[in-house]
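# Examination of the molecular architecture
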Amino acid sequence: MMRRRAHLAGIALIALAPMIALAPAGVHAFARPGVRTVGITIHYSHFSLSELRVEPGETVRFVVQNTDPIDHEFILGDQHVQDIHENGTEAYHPPRPGEMTVPAGTTRVTTYTFPTGPTQLIFGCHLPGHYAYGMHGLVTVGG
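Now for a quick tour of the structure.

### Digging into the overall build of the protein
A count of helices and strands for the protein gives 2 helices and 9 strands. Listing the helices and strands of the protein from first to last along the sequence gives α-β-β-β-β-β-α-β-β-β-β. Residue burial in the protein is summarised as follows: out of 143 residues, 38% are buried. Summed over all atoms, the accessible surface of the protein reaches about 8,400 Å², with 61% contributed by carbon and sulfur.

### What about the packing of aromatic side chains?
Following the criterion strictly, the structure yields 6 aromatic pairs and no others. Summarising the aromatic geometry, the rings of phenylalanine 62 and phenylalanine 74 are spaced 5.1 Å apart at their centres and angled 45° between planes, so their arrangement reads as tilted. Of the two residues, phenylalanine 62 is situated in strand E4 (residues 59–66) and phenylalanine 74 in strand E5 (residues 72–77); the sequence distance between them amounts to 12 residues. Phenylalanine 74 matches phenylalanine 62 in its accessibility class, with the two residues each being buried. Ring geometry for tyrosine 112 against phenylalanine 114: centres 4.8 Å apart, planes inclined by 70°, an arrangement best described as edge-to-face. Here tyrosine 112 matches phenylalanine 114 in class, with each residue buried. Pairwise contacts between aromatic rings join Phe47, Phe62, Phe74, Tyr112, Phe114 and Phe123 into one cluster.

### Description of the environment of valine 81
Position of valine 81 among the secondary structure elements: in helix H2 (residues 79–87). With 42 residues separating them in the primary sequence, valine 81 and phenylalanine 123 have C-alpha atoms 9.7 Å apart. The contact partners of valine 81, leaving out residues within four places of it in the chain, are Ile75, Leu76 and Glu99.

Analysis parameters
Residues numbered from 1 in each chain as written. Predicted model: local features only at pLDDT ≥ 70, side-chain atom pairs only at ≥ 80, totals over all residues. Heavy atoms only, no water. Helix = DSSP H or I, 4+ residues; strand = E, 2+ residues; numbered from the N terminus. Buried < 20%, exposed > 50% of the residue type's maximum accessible area, 1.4 Å probe, protein only. Areas by Shrake-Rupley, 256 points an atom, 1.4 Å probe, with all protein chains shown as cover. Phe/Tyr/Trp six-rings, centres within 6.5 Å; stacked < 30°, edge-to-face > 60°. Contact = heavy atoms within 4.5 Å.

Structure (structure tokens):
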């Protein structure tokens, strides 16, 4: 019986290893119940996701993997937020809901709760020239 439990625990760890490996040090690998996880890969200075639909008030955990040899960022917000970051001078973004720096070859996580009314938000990278190159996407809340 004890050997069977140890065997089952080993199988569970093997099955969960890929999910645990996605989380950077100090970040919990699993979302809270009721929180949707959306994975986004950055490759060749483009996000793997260009559009996303969410429910009003929904909380989404974004797991962003940067496979490029250069740093990127993930900034989520309305056009005003995007303009501030496009014209701003903040070179590094400490983890805040919907805003983070994603260094080359790393995976970072941010959790964001969307507004309760229908709207559209944008996610983008504002390192010099990246947004203009097309490194952005649209989030539709509701609808």
